[in-house]
Amino acid sequence: MSQTRQSPARTLAAHAVLILWVLIALFPVFVTVVNSFKSKKAIFTAPLALPGPDTFDLVGYRTVAQQGDFLAYFQNSLVVTCLSLFLVLLFGAMAAFALSEYRFRGNTLMGLYLALGIMIPIRLGTVAILQMMVATGLVNTLTALVLVYTAQGLPLAVFILSEFMRSVSDDLKNAGRIDGLSEYRIFFRLVLPLVRPAMATVAVFTMIPIWNDLWFPLILAPSESAKTITLGSQVFLGQFVSNWNAVLAALSLAILPVLVLYLIFSRQLIRGITAGAVK
Amino acid sequence: MGQLSLSGVTKNFGPVDVIKGVDLQVADGEFCVFVGPSGCGKSTLLRMIAGLEDVSGGSVTLDGRDITHLPPARREIAMVFQSYALYPHLTVRDNMGLALKQAGHPKAEIRAATDRAAALLSLDALLDRRPAKLSGGQRQRVAIGRAIVRRPKLFLFDEPLSNLDAALRVQTRIEIAKLHRDLGATMVYVTHDQVEAMTLADKIVVLRGGRVEQIGAPMQLYNDPDNTFVAGFIGSPQMNFLNSGAMGLSSHSAGVRPEQLQVTDGPAAIGGTVSHVERLGGETLVYVHTQDHGLLTARLFGEHDRAVGSAVGLGFDPARLFHFDKDGRRLR
Ligand SMILES: Nc1ncnc2c1ncn2[C@@H]1O[C@H](COP(=O)(O)OP(=O)(O)OP(=O)(O)O)[C@@H](O)[C@H]1O
Ligand SMILES: [Mg+2]
């Protein structure tokens, strides 16, 4: 971080640009949240107005609470996201460690193979995945989603983490070996803590697409018991009429958990990004 | 105890031969230093002794036990790294005690061993700190302490002082020498610093391109080098190599140490012009450009005034010349 003092004008300009960016980025979120607290008429007559005494209405939230089992959808989303995230981080880090640490025949080839998934969207394989899930009887289970999302997240995780693991000092790992630590201890106790910022980066980039995904829940797990929150919100969007209050309320609620997870990871994330930039 | 022997040790990374057959005996309690230019395989050889790198051929034995294929932790060795390699999440005490803890020693014994090592290196006050809160010199002392605690048969050092500043380097060097005297342990030490090699070693191994060029005591290598490489590598400033033909000698080239050259005003064996002078206070280095031998260095004691560009003569005692054949081998 630079300690040099900048002229106030430049600082001001920089902040103006940053504030503008924040406003643009937050605008859709702001509109969603604000309108979720208004009556239907108020949403359409003055979409940008804050909810006043006569426009304030919790009908959206009431609908969400009554219709469908939103708490269960929520729980499904959380379970799928957290489990997939855990598996992606665990297996991604383990594969990255093996690729960066051990010399074996086909190491580079294996690395390329694992990274291939970054370039080829997993949705291309939807039909085959569906057939597999039908064959294994996993359709309409959360397991199906967890498996698919783990596969989807791994390539990027392996790619980013193996780069970071290469930068962990060899001497440190070797000192561990001489002191009699097992390879597992070296991995979990010495290497993982040192790549924590990279893990947080991977976590955020993995988590958000999983939480927001509509495609795989729709195809693999559309049943009431396995619905995720994104899929659950769709009941309010009809072909002819949409219950905008309920949609906005559901979306506002769906933002919360990601926000919490993001806050948990963000401290590490910022460190990860700046470390990458400085190195 | 700690007698190391390497026989016919080789190492290849794929098609590249990095170590091309090294035979070496290090006696119990001996301080052995590997020197050589960058990339000659010093670290690789050390890591093979440590078990961090597979041995492609040959064998490594320690006290008569074949350790060629043992994992590092079971070789009864300890290693100190250039980058200290302390565990960032452990305190100094835990860093030093980890190996014993892994080996299942009782707590009280580990405590006693770390306290003893800490006292030896004056680390007592730092025992509860994390490595991040230590200076470079302190970190390296902790790393050395971590090695001592294990009471290994063999200490391995890979350029342990390279990351320290000049003053600290001298201080830590003295500390290592003292440690070697106190513990009487066998040590193998890698460096590319002349002074470290000359001052610490009982025995220096000069490596080049994965081969041993010469093994011997520091003064033996200095006064009796086997070839031009060792002659040029040991000693600073470097030995001067004279063109024997131009002086009517039968050898291919003749080496003379800079301190053996006398700079005179009158005619002498070799004539030339002063091209540069370096005054270091205690000594003066005079660089003389000559017609037949290129740039020669003379090392004079005390302060001397020589104007750049002035004509000088260089004299030497012919008995102090080292003669080499055209492959660089010494003619004795
Ligand atoms: N993992 C590896 N794969 C391929 N080649 C390697 C590997 N490790 C080292 N080498 C090669 O082996 C040779 C010897 O390396 P080594 O690190 O032992 O040199 P060194 O004498 O310690 O040099 P320095 O003084 O710079 O530390 C070098 O040419 C290096 O490129
Ligand atoms: Mg080296």
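Every chain begins its residue count from 1, and numbering advances along the sequence as written. Chains carry letters from A onward and ligands carry numbers from 1 onward, assigned in written order. Confidence filtering applies because this is a predicted model: local features only for residues at pLDDT of at least 70, side-chain atom pairs given and counted only at 80 or more, and all residues used for totals across whole chains, interfaces and linings. No hydrogens and no water enter the side-chain calculation; it runs on all heavy atoms of the structure.

What follows is about the site of ligand 1. Here a residue counts as near a molecule or strand whenever at least one of its heavy atoms sits within 4 Å of it. Neighbouring ligand 1 are Arg-103 of chain A together with Phe-13, Val-18, Ser-38, Gly-39, Cys-40, Gly-41, Lys-42, Ser-43, Thr-44, Glu-159 and His-192 of chain B. Lying at an intersection of chains, ligand 1 is approached by residues of chains A and B. Definition of a polar contact: a pair of N or O atoms within 3.5 Å, with one able to donate and the other able to accept a hydrogen when the atoms are protein atoms, and with sequence-neighbouring residues admitted only if both atoms are side-chain atoms. Here an oxygen atom of ligand 1 sits 3.3 Å away from a polar atom, N or O, in the main chain of Cys-40 of chain B. Contact between ligand 1 and Gly-41 of chain B: an oxygen atom at 3.0 Å from a main-chain N or O atom of the residue.

Before going further, it helps to spend a moment on the packing of helix α2 (residues 92–102) of chain B against helix α3 (residues 107–120) of chain B. Residues and elements named next belong to chain B. The geometry of α2 relative to α3 is characterised by a closest axis approach of 9 Å and an angle of 130° between their N-to-C directions. Between α2 and α3, the angle is such that the two are oblique. Note that α2 runs across α3; the crossing there is right-handed. Touching Arg-93, Met-96, Gly-97, Leu-100 and Lys-101 of α2 are Ile-110, Arg-111, Ala-113, Thr-114, Asp-115, Ala-117 and Ala-118, all from α3. In this classification, the charged set is Asp, Glu, Lys and Arg, the nonpolar set is Ala, Val, Leu, Ile, Met, Phe, Trp, Tyr, Cys and Pro, and all remaining amino acids, among them Gly, are polar. Among the residues making up the contact of α2 with α3, the classes are represented as six nonpolar, two polar and four charged. To obtain each axis, a line is fitted to C-alpha atoms, and for helices this fit is confined to the stretch in contact; angles are then taken between N-to-C directions over 0 to 180 degrees. Under the scheme used here, helices are H or I runs from DSSP no shorter than 4 residues and strands are E runs no shorter than 2 residues, and both carry numbers assigned from the N terminus. Should an angle fall under 35 degrees it is taken as roughly parallel, and over 145 as roughly antiparallel, whereas 65 to 115 is taken as roughly perpendicular and any remaining angle as oblique. Handedness of each helix crossing follows the sense of rotation of the near helix against the far helix: counterclockwise by less than a right angle gives left-handed, clockwise gives right-handed. Only heavy atoms enter the contact rule, under which two residues are in contact if any of them lie within 4.5 Å.

Residue and element names in this part refer to chain B. Pairing in this open sheet of four strands is antiparallel, and the strands run β11-β12-β18-β19 from one edge to the other. Each end of this open sheet is capped by a strand with a single partner; those strands are β11 (240–243) and β19 (330–331). Pairing between two strands requires that DSSP report at least two bridges joining them. The pairing of strand β12 (residues 253–256) with strand β18 (residues 322–324) spans three bridges and is classified as antiparallel. Within β18, the residue paired with Ala-254 across the bridge is His-323.

What follows concerns the nonpolar core. As used in this record, nonpolar core signifies buried Ala, Val, Leu, Ile, Met, Phe, Trp, Tyr and Cys residues forming a set joined through side-chain atoms within 4.5 Å. When accessible area is computed with a 1.4 Å probe and restricted to protein chains, residues below 20% of their type maximum are described as buried, those above 50% as exposed, and intermediate ones as partly exposed. Ranked by size, the top nonpolar core spans 79 residues in total, and within it Met-165 of chain A together with Leu-4, Leu-6, Phe-34 and Leu-156 of chain B carry the most contacts. Not counting the four nearest positions on each side in its chain, Leu-4 of chain B is found in contact with Leu-24, Gln-25, Val-26, Ile-49, Val-60, Thr-61, Leu-62, Leu-154 and Val-188 of chain B. Formed by 45 residues, the second largest nonpolar core is a distinct cluster that contains Val-35, Tyr-84, Leu-127 and Val-142 of chain B.

Turning our attention to the interface of chain A and chain B. With 16 residues of chain A in contact, the opposing surface of chain B contributes 23 residues. Buried area adds together the accessible area that both of two parts lose upon being put together, with accessible area traced by a 1.4 Å probe. Carbon and sulfur atoms supply 59% of the area buried between chain A and chain B, which totals about 1600 Å² over both sides. Taken as a group, Asp-171, Ile-178 and Asp-179 of chain A account for 41% of the area that chain A buries against chain B, more than any other trio of residues on that side. In the sections that follow, a salt bridge refers to a side-chain nitrogen of Lys or Arg positioned within 4 Å of a carboxyl oxygen of Asp or Glu. Counting every contact that joins chain A to chain B gives two salt bridges. Linking chain A with chain B are seven residue pairs in polar contact (both at pLDDT 80 or more). Taken together, the elements giving at least two residues each to the side of chain A that touches chain B come down to α8 (170–178) and α9 (183–194) of chain A. Among the elements that line the side of chain A that touches chain B, the one with the most residues is α8 of chain A, at seven residues. A per-class count over the side of chain A that touches chain B returns six nonpolar, four polar and six charged.

Residue and element names in this part refer to chain B. The strand order β6-β7-β8-β3-β9-β10 describes an open sheet built from six strands, whose pairing is mixed. One side of each edge strand has no neighbouring strand; the edge strands of this open sheet are β6 (77–80) and β10 (211–216). Pairwise comparison of adjacent strand axes, ignoring direction, gives a mean angle of 20° for this sheet. Along the sheet face, helix α4 (residues 136–149) touches β6 and β7 (154–158) and points at about 175° away from the line of β6.

Once that is clear, we can look at the packing of helix α5 (residues 107–119) of chain A against helix α7 (residues 142–166) of chain A. Residues and elements named next belong to chain A. It is the contact of α5 with α7, at a shortest axis distance of 7 Å, that shows an interaxial angle of 120°. Judged by the inter-axis angle, α5 sits oblique to α7. Both α5 and α7 take part in a crossing whose hand is left-handed. When α5 is examined against α7, the residues Leu-114, Ala-115, Gly-117 and Ile-118 are found in contact with a partner set consisting of Pro-155, Leu-156, Val-158 and Phe-159. Its residues placed into classes, the contact of α5 with α7 shows seven nonpolar, one polar and no charged.

Time to look at the domain arrangement of chain A. Residues and elements named next belong to chain A. One can read the domain layout of chain A as domain 1 (8–57) and domain 2 (64–278). Just the C-alpha atoms count here: the centres of domain 1 and domain 2 sit 31 Å apart. Facing 10 residues of domain 1, the contacting portion of domain 2 comprises nine residues. In this assembly, domain 1 packs against domain 2 so that about 670 Å² is buried in total across both faces, 68% of it on carbon and sulfur atoms. When the buried area of domain 1 at its contact with domain 2 is split by residue, Thr-32, Ser-36 and Lys-40 rank highest and sum to 57% of it. Between the two partners, domain 1 and domain 2, sit zero salt bridges. If you look at where domain 1 meets domain 2, you find two residue pairs in polar contact (both at pLDDT 80 or more). Mapped onto the side of domain 1 that touches domain 2, the elements with two or more residues apiece are α1 (8–36) and α2 (40–45). Per element, the largest residue contribution to the side of domain 1 that touches domain 2 is five residues, and it comes from α1. These domain limits were set by an automatic method or by a database of domain assignments.

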